[in-house]
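# Structure at a glance
Residue strings, one per chain:
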Amino acid sequence: VSVMVVHDDGVELSSIGNSLSQPSSRPFTAGGPLLETHGQRQSRAVSPRRSRFASGYLTDGLRSERFNLTRAWESISYVSEDNELLREELRQATEATRFQQQRWRMVIIVVIGVCTGFVTVGLLLGIESANRVKMEWVMGLYATSSWNAWLALTITNMALFTASCSVILFVHPPAAGSGVPEVKAYLNGILLKQSFSSRTFLCKFLSTSLACGSGLPVGPEGPIIALGGCLGHLFSSDSVLNLLPGGHLRFTNQFRRTSISLGVSAGVAAAFGAPIGAVLFTIEEVAQLFNNSILWVGFVSSFMSYLVTILFNWSKAIVFSEASEGGFRTGGLFNVGDVNQWKLQEIPCFIVLGVCMGLFGALFNFCNVHIVNTLYRKTMIRVNRRRQLLEVAALAGIVSTVLYFVPYFWSCIPKGNLRKDASSQAPDLLLREFEDAFNSIWCDNRAEEYNPMGTLTLATLDEQVRFLFLSSHTGTDFAPFSTNVLLCYFLLFSASACLLAGTVMSTGVFIPMIIMGGAFGRTYGRVLQYLLPQFVEEGFDYAAYAVVGAAACVAGCTHITIAITVIMLEITSDFRLLGPIMVAVSFSRGVADMFTPSLYDMILEAKLVPFLAPEPTVLMERLRCCQVMSKPVQSFPLAPTVQEVLEKLRDPALTHNGFPVVHNKVLVGTVTRHQLDVLLSNLEWFLTAPLESAVAGHALDGPIGQLASYRNSPISLSWEQSVHDVPDHLLAERLDLSRWMDAAPLTIHTMHSVSRAYLLFKNFGLRHLPVVDEVNSLQGMITRHDIAHIQNHPEKYEGSMLRPLQWSFPVAARESTDPPRGLDHDVAPPRGTRGSLPSIGRHLAASIRLGDERNGRLLPRFWTPDEMADEPGDTVPPSDRTVSVRRVSGLFGNFP
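Presented here is a report on the structure given in the accompanying data block.

Calculation rules
Every chain is numbered independently, its residues counted from 1 as its sequence is written. Local features in this predicted model are restricted to residues whose pLDDT is 70 or higher, and side-chain atom pairs enter the listing and the counts only when it is 80 or higher, whereas totals over whole chains, interfaces and linings include all residues. Side-chain descriptors were evaluated using all non-hydrogen atoms of the structure, hydrogens and water having been removed beforehand. All axes here are fitted lines through C-alpha atoms, helices being fitted over the stretch that makes contact, and every angle between N-to-C directions spans 0 to 180 degrees. To qualify as a helix, a DSSP run of H or I must reach at least 4 residues; to qualify as a strand, a run of E must reach at least 2; elements of each kind are numbered from the N terminus. Roughly parallel means an angle under 35 degrees; roughly antiparallel means over 145; roughly perpendicular covers 65 to 115; every other angle is labelled oblique. When the near helix sits turned anticlockwise from the far one by under a right angle, the crossing is termed left-handed; a clockwise turn instead gives a right-handed crossing. Every residue pair with non-hydrogen atoms within 4.5 Å of one another is taken to be in contact. Note on residue categories: nonpolar means Ala, Val, Leu, Ile, Met, Phe, Trp, Tyr, Cys or Pro, charged means Asp, Glu, Lys or Arg, and polar means any other residue, Gly included. Disulfides are defined as cysteine sulfur pairs within 2.5 Å. Three exposure classes are used, based on accessible area relative to the maximum for each residue type with a 1.4 Å probe and protein chains only: buried under 20%, partly exposed in between, and exposed over 50%. Only one rule defines a salt bridge in this text: a Lys or Arg side-chain nitrogen within 4 Å of an Asp or Glu carboxyl oxygen. One less than the number of residues in a helix, times 1.5 Å, gives the span that helix is expected to have. Contacts described as polar in this section are N or O atom pairs within 3.5 Å, which, within protein, must combine one atom able to donate a hydrogen with one able to accept it, while residues neighboring in sequence count only if both atoms come from side chains. For two strands to be treated as a pair, DSSP must find at least two bridges joining them. A pair of Phe, Tyr and Trp rings is counted when the ring centres sit within 6.5 Å of each other, with Trp represented by its six-membered ring. The angle between the planes then sorts it: under 30 degrees is stacked, over 60 is edge-to-face, the rest tilted.

## Considering the packing of helix α30 (residues 754-764) against helix α31 (residues 784-792)
Close contact between α30 and α31 brings their axes to 10 Å; oriented N to C, the two are set at 125 degrees. By the criterion of interaxial angle, the relationship of α30 to α31 is oblique. The element α30 and its partner α31 pack so that their crossing is left-handed. Contact with α30, carried on its side by V754, A757, Y758 and F761, involves R784, I787, I790 and Q791 of α31 and no other residues of that element. Taken together, the residues of the contact of α30 with α31 sort by class into six nonpolar, one polar and one charged.

Structure, rendered in structure tokens:
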């Protein structure tokens, strides 16, 4: 079956259908039922008089897939409704009010950084104390019986893992995982319920403390980032902002997004002791909508968090007399020693190391996501809670047993060999600080010998990093770990980390990635020394390859480049490795991109989260909005009855959040489910109150203030919550939506490419986008889930590109006597057109309705960048149907 798309006058546009066919000589109208993905049930046939573009491309299968996607995940709109409430508050705003807002905003930023720093310090201190107490007890038992020590170690780790898993399974399941993918999805515009609540914060803190206290290959860095996001979410909520004197700060989704980004920066800065790298990590990996303000406030928040860790380590060094020749730790999980200068001829070696780490990162991502967590856990373990709990306990027991008994097969080395290097102070400094960390398990003379494998397997994660990054030069006898030890340890640790990542606990893999890369890099350096003795000159340092390998491994797994480069430089305090790190990271990221996405993106993809990629696909350039839009759309008139509103809100098939408002078949605005819910909850007040005086004088009090969605924390309401008991005598009353709706929503033309719609969703944080024709008549709706479905399932949209069309612009029968402003620009609109135009060059009036209301007709107004630079940012035109200059400035900024 083919559907011919025609204008009202019968002019053929194209022929589309299940298979592209030649156009017929006679027009044909679709007569079968269409399942709508925008939330309504099956509707009657769409006539060409009602729809200029018949949605003949979307099959019932695609519609049902997109409909199920909307029910599973909700989106977040970061654009405030441009209604009378917002404009009234802007009219009342003064310079003093703005100054108070900026002052309190800086207070919130500082508080987020300080609180994140204290939380990180408390978490790391608890993990360090648990590891120290456990190993002292185990090694005390080892002095009497090695089997008792094994039982103590295994049972303790199994108990810690089981307790960590129980907190997640039986108290709060949304707290599972590292939390980084959830933060990334939320800032991308996806609402993950309960992911940042206070309950999530407490359960994640407790679960991370218990799991990482075992010393097994699980890290606390991901949960620390998520904990910072939870604190940012908390301090941007209404419950906290209402405590501020004067009520100067109002809740907005934009402010919450910024606050969560600040928490992420503070968490990274406190965890790694890298404040600059923390800001870059937030920009590169987490913050999807970047602006200069995030850069500045992120730096302040990171510095405050980093300052807390410095002060804590300083006070700890004074109390425990640790600030000797080596100084005290300046924050972060670990510090490393001095690394020798690298040689220019080593660049090819660093390139090969980067390629190897890129391949390893792709392999690790594939095995962890597709094999371990999808094929194994999804089908066999996640069936019930008992299996998940037993799996965690069994993995803890198996990994603990392997790490305990593997050192038995390695010979012990005299500790005197560690002191033979007289040319460098690094070994002496190491011995003064970590001499007790060299483990003597399975050694006959424990006082004078150490086991190199046991030193690595039974040490804490930060101690393992410092051992791997320890500077050791050729030409000396200082070699605490042989090639065989490093290679075996790399394989064991990688397998353990791959199995443990994805269990029902709150743990991360960032530090395990650094350890895996450091072990492989140090092994690679020793192999180079053995294979190419002439190539390796005096001064060749294994630690340089360990640091570079660690950075390349993180880049290969997470596809982070700039941030990990700066973080590694900050934690090593050695900028001489900048060149090798950049080379290895670049090749690692390039190779990994050829095989798999980043680990966090693969996790989101496995969870079927409609995450928008950084750039639109080639298919989006070919597809047109009329092909993918959902229609017919359930809409409201300007004054619907209470009965009509209740019927649509109570309909279980209408789960979407936004409803277009149509007057005489022309789109005049959009209204959200939350606003309709507030109107129905206070129906008698809205029907009897003098609205003019209420809006003008009390825009932030009572029911009027509840309508201001930019203040209220509920982002959306499901249909179950939108059921109200309304008296029968009020069902016939009409609600005036003109004052509460967004009177100037962003729109897009039917024949615009989907890539342009994608850019609007991406850059403005939209949730839904009305599709209009050349006279601003509502034709359909595109949601964020529709764009995500096209991005993730391109094979279902291939072969449906419209043929080239000839544009025709209907001229209105009654034209205004005054020509529209803008005819002197380089692009002039046809006289009599209204609403958005299909293409007007660089001025972008195609995506937004601007202008003056004259003789009942909206004339387009054209703006140039020079005019926008002269207008103040909060200028509000007097007409209800004009867009704020701030929103137009955003168009020029995002689409230069």
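Next comes the rest of the description.
## Observations concerning the state of the cysteines
Under the defined criterion, the tally for this structure stands at one disulfide. What pairs with C412 in a disulfide is C443, and their sulfur atoms sit 2.0 Å apart. On the sign convention where negative is left-handed, the bridge of C412 and C443, at about -100 degrees about the S-S bond, is left-handed. Placement of C412 in the loop between α13 (385-405) and β5 (413-414) and of C443 in the loop between α14 (426-434) and β6 (449-450) is noted, with a sequence separation of 31 residues between them. For C443, a relative accessible area of 7% gives the class buried.

## Points about the environment of A613
Here A613 shows up in the loop between α22 (599-606) and α23 (618-622). For the pair A613 and A788, spaced 175 residues apart in sequence, the C-alpha to C-alpha distance is 8.6 Å.

## Things to note about the pattern of salt bridges
Considering all chains together, one arrives at seven salt bridges under this definition. For R377, the salt bridge goes to E391, with nearest N and O atoms at 2.6 Å. Within this pair, whereas R377 is found in helix α12 (residues 347-381), its partner E391 is found in helix α13, the two being separated by 14 residues in sequence. In this structure R377 comes out as buried when scored by relative accessible area, which is 2%. Residue class for E391 comes out buried when judged on its relative accessible area of 7%.

## Examining helix α25 (residues 642-650)
Restricting attention to buried positions, one finds in α25 the residues V642, V645, L646, K648 and L649. Buried residues in α25 make contact with β7 (658-663), α26 (673-681) and α27 (683-688).

## Here we look at α13
In this model, α13 (21 residues) spans 31 Å end to end at C-alpha, consistent with the 30 Å of a helix rising 1.5 Å per residue. Of the surrounding secondary structure, the elements contacted by the buried residues of α13 are α3 (95-142), α4 (146-170), α12, α15 (452-457) and α17 (483-500). Put simply, N384 is the residue that caps the front of α13, since its side-chain oxygen is 3.3 Å from the backbone nitrogen of R386.

## A word on the sheet that holds strand β11 (residues 778-783)
A sheet is described by the order of its strands in space; here three strands give the open sequence β9-β10-β11, paired in mixed fashion. Each end of this open sheet is capped by a strand with a single partner; those strands are β9 (748-749) and β11. Two elements, β9 and strand β10 (residues 768-772), share two bridges in a ladder whose sense is parallel. Within the sheet, the bridge partner assigned to I748 lies in β10 and is V771.

## Brief notes about the side chain of S506
Take S506: it is sitting in the loop between α17 and α18 (510-531). For S506, a relative accessible area of 0% puts it in the buried group. In terms of polar contacts, S506 uses its side chain to reach the backbone carbonyl oxygen of G177, at 3.3 Å. Here S506 is in contact with I168, A175, G177, K204, S207, T208 and P223, once residues within four sequence places are set aside.

## Quick look at the packing of aromatic side chains
This model, assessed by the stated rule, comprises 21 aromatic pairs. Ring geometry for W150 against F405: centres 5.8 Å apart, planes inclined by 55 degrees, an arrangement best described as tilted. Of the two residues, W150 is situated in helix α4 and F405 in helix α13; the sequence distance between them amounts to 255 residues. By relative accessible area, which is 23% here, F405 ends up partly exposed. Every member of this aromatic cluster is reached through a ring pair, and the members are Y142, W147, W150, Y404, F405, Y408, F409 and W442.

## Some words on unusual backbone geometry
With an omega of -5 degrees, the peptide bond between K631 and P632 qualifies as cis. Secondary-structure assignment places P632 in the loop between α24 (625-628) and α25. A positive phi angle, near 65 degrees, is found at H559, a position not held by glycine. Note that H559 resides in the loop between α19 (542-558) and α20 (562-572). Even without a glycine there, the phi angle at L608 is positive, about 60 degrees. With respect to the helices, strands and loops of the structure, L608 is situated in the loop between α22 and α23.

## A closer look at the packing of α12 against α22
Interhelical geometry of α12 versus α22 gives an angle of 20 degrees and a closest axis separation of 10 Å. For the element pair α12 / α22, the angle class is roughly parallel. Remark: the crossing between α12 and α22 carries right-handed chirality. Across from N365, F366, N368, V369 and H370 in α12, the residues of α22 making contact are L599, M602, I603 and A606. Considered class by class, the residues forming the contact of α12 with α22 number six nonpolar, three polar and no charged.

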